[in-house]
Amino acid sequence: MVLATNLGFPRIGANRELKKAVEAYWKGKSSQQELLATGKELRTRNWKLQQKAGIDHIPSNDFSFYDQVLDMIATLGLVPERYKWSGGNVDLDTYFAMARGRQQGGVDVTAMEMTKWFDTNYHYIVPEFEKGMKPKLSSTKIFDQFEEAKALGITTRLVLVGPCTFAFLAKNKGDGIDQHKLWDGIVGVYEEILKKLSAQGAEWVQIDEPMLVLDLGEQARTGLKQCYARLAKAAPGLKILVATYFEGLRDNMQTAFSLPVAGVHIDCSNRAPHQYKDAVSIIPEGMVLSLGLVDGRNIWKNNIHQSVEIAEFVESHIGKDRVMIAPSCSLLHTPVDLAHEDALDPAIKKWMAYATQKLDEIALIKKGAEKGRAAIQKEIEASDDVQEDRRTSKRIHSDAVKKRVAAITPDMKKRKSPFAQRQKIQRAALKLPAFPTTSIGSFPQTQEIRKARADFKAGTIDKAAYNTAMEKEIRHVVKYQEDIGIDVFVHGEPERNDMVEYFGEQLSGFTFSKNGWVQSYGSRCVKPPIIFGDVSRPEPMTVEWSKYAQSQTKKVMKGMLTGPITILQWSFVRDDQPRSDTSRQIALAIRDEVADLEKAGIKIIQIDEAAIREGLPLRKEDWKQYLKNAVEDFRITSCCVADTTQIHTHMCYSEFNDIIGAIGDMDADVISIETSRSHMELLDAFVEYKYPNEIGPGVYDIHSPRVPGTDEMVALLETAAKVIDPDLLWVNPDCGLKTRGWAEVEPALKNMVEAAQIMRRKAKSAAA
Ligand code: GLN
Ligand code: ZN
């Protein structure tokens, strides 16, 4: 029999119940009992929902109060020294201290590092390996939750972050770590877990090994094989499903299918649409193939017809009883329930499916695969209608946009003159001092600003009142910059709630949900914009604000835009065309804005590309094409201006080493980057590669409430001046200031301006 299965369900709750419960607990507003009860209620609700939808393999242990990798850290007892954990089972407060740090009763301990889970916007806690760590089963969560579901009459498929992926993602902290022993101990705990689960009556366990979609060396492959040889022996009666997702297996396919396990899950979404064909040709006799047909990372309805066809193809090769229907990855990355969206355009809503709807799709595909297409003829027709509707919808397809993309010419991707020439022209026109000072765009978003925006959105104040409030704020920011002597001004972005949403709301082809929340980290959720159609810009989006700001000062005002890759990366995107087609359309839309800003007299325009690095494909062999497109998109966006107009870009990271060439190819006149936290160590990239244009390595860490001193910033600038020609250096904070308060920003920027002045004096006296 074909099985309907799920890899994981969002735990946050349709109304973000988990977020609210966890935050109340953190604030001391609710008890641990209450938090545990909310957790149980959410799990129960999700299990029953999946049962009702007809899912045969319902996951457990996909629930977490913070993060599934952190849960595994606790389960393995790998609590770093600094948390002063006394052994035994890891208690909830130690658990949250690892997630968020703890500053309480004389204890001051930092949180564990957090980073993006593969190429998603979900952040996991990075396991830390320390000398002397001894893995030991230190949590009963797994077994409790399995039992909890069993009490409801559901034998779940328990989900574990795989040991190999866990170790692969871990970071060594300090020397003297006995890797071999540590690894042996970790696998030992997994063996123990499997034995216990088997004794509890588990039939299947799902072990997630997404590392199998990455570039691996022989050593990693061997490690995988040895590890699973041990796990397979630990509990012979328990069936292991190794789950891979987010990409195709490619050169690791042989490794995956040679593991001594009962089944392998593969991603069949548009990230690896054809790998099922290779899989059926190499899968060993008796092994089950789990087909990730329903996209776990997007919000579009499945093409049921096509999915059933794939399932039939696979069945014809390996037989029905060896096929599972599944989402491509855990549904964690999609919002919970479309039924709660009452404000979406119905014409668009009918193309969409959230996690709850995706369960029905999985059950439906199973039915088709099991009983034949005729059994779901009506549903297939309905699905075909949706596909046809999207293929032909005037809401999605704009001839004008498509024609414009087709008409892009090489000269649209090139500034009129090379940088050296532009630099001369711009220096003559802008007359900036050496070490020019500027900021990244936003200034503190005060209560007052947020309220004005919210009131305007809610309709309690009119456009005129709203404009008055924003203009007052802009004047305030301008006056402040004048007072402290900044060289290149910004207007402060008070009108923007978010750097992507602000543009998405004004571009055609975007829509916004009311409740499309997805967990980003811990209790943090994001509501990504939805790009459903061809993108264009009906009218200017930022020009009036920039013009107004410029009218308030004689200093040069920098226009502020978000770039195409960042807009793409932080949205739900179309699945009916390649991502690069969508970003190309966005590039043209933002290009229009650049041209209009220039026409309105704005002489410097910054285009933020905060997300270029995180958009890098998982496989290195795909990087070249991605970077080529990203560079071209940036150039299309920015190259419409005259030589006199200075283009800036900003990136929120400094690990450039592997993409620095591409960053150079973007040919922005000035780039600002994050470096202050690492004391400029990360400027390493600039030692080997001579970045050709001007650059502002951040000297003020805006992620911390600390006010940096003048000397400290001078020291950072001097460090930078060792690897970057001082003539090319700008002085700026390392990101926007919107999350900071004025009390911190005022003295910090004042010190920053002073630091620039000191650098200028030093340079002068050195020259004399
Ligand atoms: N211009 C944006 C700001 O200053 C940039 C934010 C970012 O890079 N994340 O807020
Ligand atoms: Zn930034």
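First things first, this report covers the structure right here in the doc. The model shown is predicted, which means the values in this text are computed figures rather than measured ones. (Residues numbered from 1 in each chain as written. Chains lettered and ligands numbered in written order. Predicted model: local features only at pLDDT ≥ 70, side-chain atom pairs only at ≥ 80, totals over all residues. Heavy atoms only, no water.)

**Side note on the sheet that holds strand β24 (residues 694-697)**
So, point 1. Spatially, 6 strands are ordered β15-β20-β21-β22-β23-β24 in an open sheet, and the strand pairing comes out parallel. One side of each edge strand has no neighbouring strand; the edge strands of this open sheet are β15 (488-489) and β24.
So, point 2. With 2 bridges joining them, β15 and strand β20 (residues 556-562) adopt parallel strand pairing. When the sheet's bridge partners are listed, Val488 is paired in β20 with Val556. (Pairing = 2+ DSSP bridges. Helix = DSSP H or I, 4+ residues; strand = E, 2+ residues; numbered from the N terminus.)

**Describing the pattern of salt bridges**
So, point 1. One pass over the full model with this rule turns up 56 salt bridges.
So, point 2. One salt bridge in this structure joins Glu544 and Lys547, with 3.7 Å as the shortest N-O distance. Of the two residues, Glu544 and Lys547 are both situated in helix α20 (residues 543-551); the distance of 3 residues between them amounts to about one turn of the helix.
So, point 3. A network of salt bridges, in which partner residues are shared, links Asp215, Glu218, Arg221, Asp251 and Arg619. (Salt bridge = Lys/Arg side-chain N within 4 Å of Asp/Glu carboxyl O.)

**What to know about the site of ligand 1**
So, point 1. Taken together, Ile440, Gly441, Ser442, Glu493, Met499, Met560, Asp608, His650, Cys652, Cys735 and Gly736 make up all the residues around ligand 1.
So, point 2. Take Ser442: an N or O atom from its side chain is 2.8 Å from an oxygen atom of ligand 1.
So, point 3. Here ligand 1 loses 90% of its free accessible area of 300 Å² to cover by the protein chains.
So, point 4. Class assignment for the residues of the shell around ligand 1 results in 5 nonpolar, 4 polar and 2 charged. (Near = heavy atom within 4 Å. Polar contact = N/O pair within 3.5 Å; in protein donor to acceptor, adjacent residues only side chain to side chain. Areas by Shrake-Rupley, 256 points an atom, 1.4 Å probe, with all protein chains shown as cover. Nonpolar A, V, L, I, M, F, W, Y, C, P; charged D, E, K, R; others polar.)

**Looking at the coordination of the zinc ion (ligand 2)**
So, point 1. Protein-derived ligands of the zinc ion (ligand 2) are His650 (NE2), Cys652 (SG) and Cys735 (SG), with the metal-ligand distances lying across 2.1 to 2.2 Å.
So, point 2. Metal-centred angles of 81 to 124 degrees between the 4 donor atoms at the zinc ion (ligand 2) mark the site as irregular.
So, point 3. The sequence pattern describing where the donors of the zinc ion (ligand 2) fall on their chain is H-x1-C-x82-C. (Donors = N, O, S within 2.8 Å, 3.2 Å for Na, K, Ca; no water. Tetrahedral: all angles 85-135°; square planar, octahedral: opposite > 155°, others 65-115°.)

**Quick word on the packing of aromatic side chains**
So, point 1. For the structure shown, the criterion picks out 18 aromatic pairs.
So, point 2. Ring centres 5.5 Å apart and planes at 75 degrees place the aromatic pair Trp117 and Tyr124 in the edge-to-face group. Tyr124 shares its class with Trp117; the two are buried.
So, point 3. Centre to centre, the rings of Tyr502 and Phe503 are 5.3 Å apart; their planes meet at 90 degrees, and the pair counts as edge-to-face. Summarising the burial analysis for this pair, Tyr502 and Phe503 share the class buried.
So, point 4. Among the aromatic residues, those joined into a ring-pair cluster are Tyr25, Trp26, Tyr66, Tyr95 and Phe96. (Phe/Tyr/Trp six-rings, centres within 6.5 Å; stacked < 30°, edge-to-face > 60°. Buried < 20%, exposed > 50% of the residue type's maximum accessible area, 1.4 Å probe, protein only.)

**Examining helix α26 (residues 710-723)**
So, point 1. With 14 residues, α26 should reach 20 Å at 1.5 Å per residue; the first-to-last C-alpha distance of 21 Å fits that figure.
So, point 2. For α26, the full list of buried residues reads Thr710, Met713, Val714, Leu716, Leu717 and Ala720. Down the axis of α26, the buried side of the element spans an arc of 160 degrees, and every buried residue falls inside it. Exposed positions of α26 whose direction lies more than 90 degrees from the buried face are Asp711 and Lys722.
So, point 3. Residues of α26 that are buried make contact with β24 and α27 (742-767). (Expected span 1.5 Å × (residues − 1). Arc of directions from axis to C-beta. Contact = heavy atoms within 4.5 Å.)

**Quick look at the side chain of Asp633**
So, point 1. Inspection of the secondary structure puts Asp633 in helix α23 (residues 623-638).
So, point 2. Accessibility expressed as a relative area gives 0% for Asp633, which makes it buried.
So, point 3. Apart from the residues within four sequence positions on either side, Asp633 is in contact with Pro564, Ile565, Ser583, Arg584 and Ala587.

**Let's talk about the pairing of β24**
So, point 1. On β24, burial covers both faces: Glu694 and Gly696 on one face and Ile695 and Pro697 on the other are all buried.
So, point 2. Note: strand β23 (residues 670-673) against β24, 4 bridges, orientation parallel. Bridging across to β24, Ser672 finds its partner in Gly696.

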